[in-house]
Amino acid sequence: MRVDVLALDGVFDLGLSAILDAFQTANALIEMTGLAVPQFKVKIVGMRKTVRTAHGLKVPIQLVGRQTPEYVIVPAIACKTLNTLKAALASRDVRDAAKALRKWASDGAKLSAASAGTFVLAESGLLNQQRAITTWWLAQVFRERYPQGLLDESEMVVKSGNVVTAGAALGHMDLALWRIRGISPELASLTAKYLIVDSRPSQTAYALTDPLIHSDPVVQHFERWARARLARRFSLDSAAKAVGASKRTLTRRLHSVLGKSPMSYFQSLRVERAVHLLKTSKASVEEIAAKVGYMNGGTLRLLLRRRLDLGVKEIRTTSWTYLVAV
C-alpha cells in the first residue's frame, strides 16, 4: 500500500515522526515474522522543495506529483494558539495543499489527518457534512470556523466516508495504527506492542475507546486462516469452526474491528494478494487469478476496477506486471 505523508512547513515534529515510525515498525515486523502482508510504501510529500519542522529540522520531501496517491495522511502543523493557527491557515502552503486534497479526493484517494492537521482538511471543504475529530483545545475554534463540519469528540479516531481524522498529539499514532489495522489486525497489534502503545481515553476523558490495539483473538485467527486459504472457496461454516466461534460471533467481531463481513474481508485479502503478485512477479493475470481463488482473469480485473473506481490497463515492464489507473 502506498501512503503519502503530506508535510507542510512548520509540521509538528512528534506527529510526523509517530506516523513514520509506525509504518517503519510495521514493515520491519512483516519481514521478521513472515506475515503475508504487503509492505507499506511511505513517502513524504510537500508543496515546496524545502519544508522545515516546527523545531527547524529540514524534511526530505518529494514535490506533490500528478499521480493520485492511494492514501494520504496530513500531520499537524505545530499550532497551539489561535493566532499561530490563523497565520498558518492563511499561508500559501495550506492553500495549495487544500487544492491538492480536493483533487485527490475527486480521484478516489483516501484522506486522513490528525490534530491541527484536520484544519488543513477542513480548509479544503472536504469535512463539510462529515464527522470529524480535532485537537481538543481547538475544538471550539473548529466549530466556529467550519460550521458545516460535524465535530465528534467521543472517540480518538473518527471515520466518515473516505476521510479519517484523529485527535491531538499522539492521535497521529492512533491514525497510523488505524490504517495498518485496516490491512491486518494482527500486524497492527504487533506494531502497537513493539512501540508500547496502550489504549487511552478519548479526548473527553470519559468514554474509553481502543482504536489502536484490536488484539481480538477471533479476528486474528480468522485473518491467519483466511490468508492461508485464499485459493480455496470461502465457507463461513469452515471459518467459524476454524476459529472456534459461532458464525454469528465471527461476523459480529469482524464488523466491530474492521467494519466488514467475513466474506468481504476475505475478498479484500484476495485482491490485496493479487495486487502484490501483479507488482512483484511475472505471472500473468490469469495465473494470479487462479492463485487467489478466481475462475479467470476477467473476474479479478472487475474486482480491481471496483477497488480503484477507475479504469485499469495491464502494462508490462522488464521486471513485473501490474495494473495502473488510466
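Data block above holds the structure.
So, here's what we can say about the structure. The shown structure was predicted, so the numbers you read here are calculated from the model rather than taken from an experiment. (Residues numbered from 1 in each chain as written. Predicted model: local features only at pLDDT ≥ 70, side-chain atom pairs only at ≥ 80, totals over all residues. Heavy atoms only, no water.)

1. Observations concerning the pattern of salt bridges
- A full pass over the atoms with the stated rule returns 11 salt bridges.
- Of the charged contacts in the structure, one is a salt bridge between Arg 131 and Asp 152, with a shortest N-O distance of 2.5 Å. A residue pair is termed long-range when its members are at least 10 positions apart, and Arg 131 in strand E8 (residues 131-132) and Asp 152 in the loop between strand E9 (150-151) and strand E10 (157-160) qualify at 21 residues.
- For Arg 131, a relative accessible area of 31% translates into the label partly exposed. (Salt bridge = Lys/Arg side-chain N within 4 Å of Asp/Glu carboxyl O. Helix = DSSP H or I, 4+ residues; strand = E, 2+ residues; numbered from the N terminus. Buried < 20%, exposed > 50% of the residue type's maximum accessible area, 1.4 Å probe, protein only.)

2. What about the pairing of strand E1 (residues 2-6)?
- The element E1 is largely enclosed, with a buried count of 5 among its 5 residues.
- Side chains of E1 alternate between two faces, with Arg 2, Asp 4 and Leu 6 and Val 3 and Val 5 buried alike.
- Relative to strand E2 (residues 41-46), E1 runs parallel, the two being bridged by 5 bridges. Residue Asp 4 lies in a different strand from E2, and its bridge partner there is Lys 43. (Pairing = 2+ DSSP bridges.)

3. Some remarks on unusual backbone geometry
- For Ala 169, which is not glycine, the phi dihedral falls at a positive 45 degrees.
- Among the secondary structure elements, Ala 169 is positioned in the loop between strand E11 (163-166) and helix H6 (171-183).
- In the Ramachandran plot, Ile 196 falls in the positive-phi region, its phi being about 50 degrees despite a non-glycine side chain.
- Locating Ile 196 in the fold gives a position in the loop between helix H7 (185-194) and strand E12 (200-201).

4. Considering the side chain of Asn 27
- Within the secondary structure, Asn 27 sits in helix H1 (residues 13-33).
- Residue classification places Asn 27 among the buried residues on the basis of a relative accessible area of 12%.
- Not counting residues within four places of it along the chain, the set of residues in contact with Asn 27 comprises Gln 39 and Phe 40. (Contact = heavy atoms within 4.5 Å.)

5. Considering helix H9 (residues 236-243)
- Taken together, the buried positions of H9 are Ala 239, Ala 240 and Val 243. Down the axis of H9, the sector holding all buried residues measures 95 degrees, keeping them to one side.
- The inward-facing, buried residues of H9 abut helix H8 (217-227) and helix H10 (247-258).
- At the exit of H9 stands Gly 244, carrying a positive phi of roughly 70 degrees. (Arc of directions from axis to C-beta.)

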